[in-house]
Amino acid sequence: MVSFRLITTLLGKFTVPIAQLQPYSTLPTLSPVVDLGYSQYEGYYDATYGLNIYKGIRYAAPPVGRLRWQLPQRPAQNRSQVIPATEYAPQCPQSGPAPEYV
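Engineer: Explain the overall build of the chain to me, please; I cannot follow it from the model alone.
Structural biologist: When helices and strands are tallied, the chain shows one helix and five strands. Classification of the 102 residues of the chain by burial places 11% in the buried group. Within the chain, counting contacts between residues at least 6 apart in sequence, those at least 24 apart form 45% of the total. Accessible area of the chain: about 9,500 Å², with a carbon and sulfur share of 59%.

Engineer: What exactly am I supposed to notice about the pairing of strand 2 (residues 39–42) here?
Structural biologist: If a strand is regular, its side chains alternate between the two faces of the sheet. The two faces of strand 2 differ: Ser39 and Tyr41 on one face are buried, but Gln40 and Glu42 on the other face are not. Relative to strand 2, strand 1 (residues 33–35) is paired through three bridges, and the arrangement is antiparallel. Paired with Val34 across the strands is Tyr41, a residue of strand 2. Taking the residues between adjacent antiparallel strands as the criterion, strand 1 and strand 2 are bridged by three residues, where Gly37 takes a positive phi near 95°.

Engineer: Any chance you could explain the pattern of salt bridges here in plain terms?
Structural biologist: Opposite charge on two side chains permits pairing when their charged atoms draw close. Enumeration over the complete set of coordinates arrives at one salt bridge. In this structure, the salt-bridge partner of Arg79 is Asp35, at a minimum N-O distance of 2.7 Å. Taken together, the residues span a long stretch of sequence, with Arg79 in strand 5 (residues 78–84) and Asp35 in strand 1 at a distance of 44 residues. Judged by its relative accessible area of 42%, Arg79 falls in the partly exposed class.

Engineer: Before we go on, may I ask you to explain the layout of surface pockets in this structure?
Structural biologist: The probe, sized like a water molecule, is rolled over the atoms to show the empty space still left. Computed from the structure, the largest pocket encloses a volume of approximately 360 Å³. Around the largest pocket sit 14 residues that line it, and Arg58, Tyr59, Ala60, Ala61 and Pro62 are the ones nearest its centre. Taken together, the residues that form the lining of the largest pocket break down as 10 nonpolar, three polar and one charged.

Engineer: Please clarify how the environment of Ala61 should be interpreted in this entry.
Structural biologist: Tracing the backbone through its elements, the reader meets Ala61 in the loop between strand 4 (51–53) and strand 5. Along the primary structure Ala61 and Pro72 are separated by 11 residues, whereas in three dimensions their C-alpha atoms are 6.8 Å apart. Apart from residues lying up to four places away in sequence, Ala61 is in contact with Leu67, Gln73, Arg74 and Pro75.

Engineer: Can you help me understand the sheet that holds strand 1 in this one?
Structural biologist: What holds strands together in a sheet is hydrogen bonding between their backbones, with the strands either parallel or antiparallel. The three strands lie next to each other as 1-2-5, forming an open sheet whose pairing is mixed. In the strand order of this sheet, the two ends are held by strand 1 and strand 5, each with one partner. Strand-to-strand twist across the sheet, computed as the mean angle between neighbouring axes with direction ignored, equals 20°. The pairing of strand 2 with strand 5 spans four bridges and is classified as parallel. The partner of Ser39 across the bridge, within strand 5, is Asn78.

Definitions and cut-offs
- Residues numbered from 1 in each chain as written.
- Predicted model: local features only at pLDDT ≥ 70, side-chain atom pairs only at ≥ 80, totals over all residues.
- Heavy atoms only, no water.
- Helix = DSSP H or I, 4+ residues; strand = E, 2+ residues; numbered from the N terminus.
- Buried < 20%, exposed > 50% of the residue type's maximum accessible area, 1.4 Å probe, protein only.
- Contact = heavy atoms within 4.5 Å.
- Areas by Shrake-Rupley, 256 points an atom, 1.4 Å probe, with all protein chains shown as cover.
- Pairing = 2+ DSSP bridges.
- Salt bridge = Lys/Arg side-chain N within 4 Å of Asp/Glu carboxyl O.
- 1 Å grid on protein atoms, 1.4 Å probe; cavity = no way out; pocket = protein on both sides within 12 Å on 5 of 7 lines; lining within 4 Å.
- Points joined across faces, edges and corners; volume = space filled by probe spheres on them.
- Nonpolar A, V, L, I, M, F, W, Y, C, P; charged D, E, K, R; others polar.
- Axes fitted to C-alpha atoms, helices over the stretch in contact; angles between N-to-C directions.

Shape descriptors only; they carry no functional weight alone.
See the structure below:
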């Protein structure tokens, strides 16, 4: 069993005085960009949770025409611009809830 004295001695070498710590508000808030090979997406930094957030990233080509009912295909390559990924795309309208059968 490791002694308490040894643990506190080891931890003491890695601690930083509280006065030297920076709050989250002073961390850089640059818009993070992720490169997926086929496109680049720009998200945003959520300072509350300390996370980079990306919304609405396309992961497959649209399932239209010959792609309907097939396995997902890689999306078309778009390297000409950085795509904003700060909001989700609009939701697809549906016909409403299914009728209940008794």
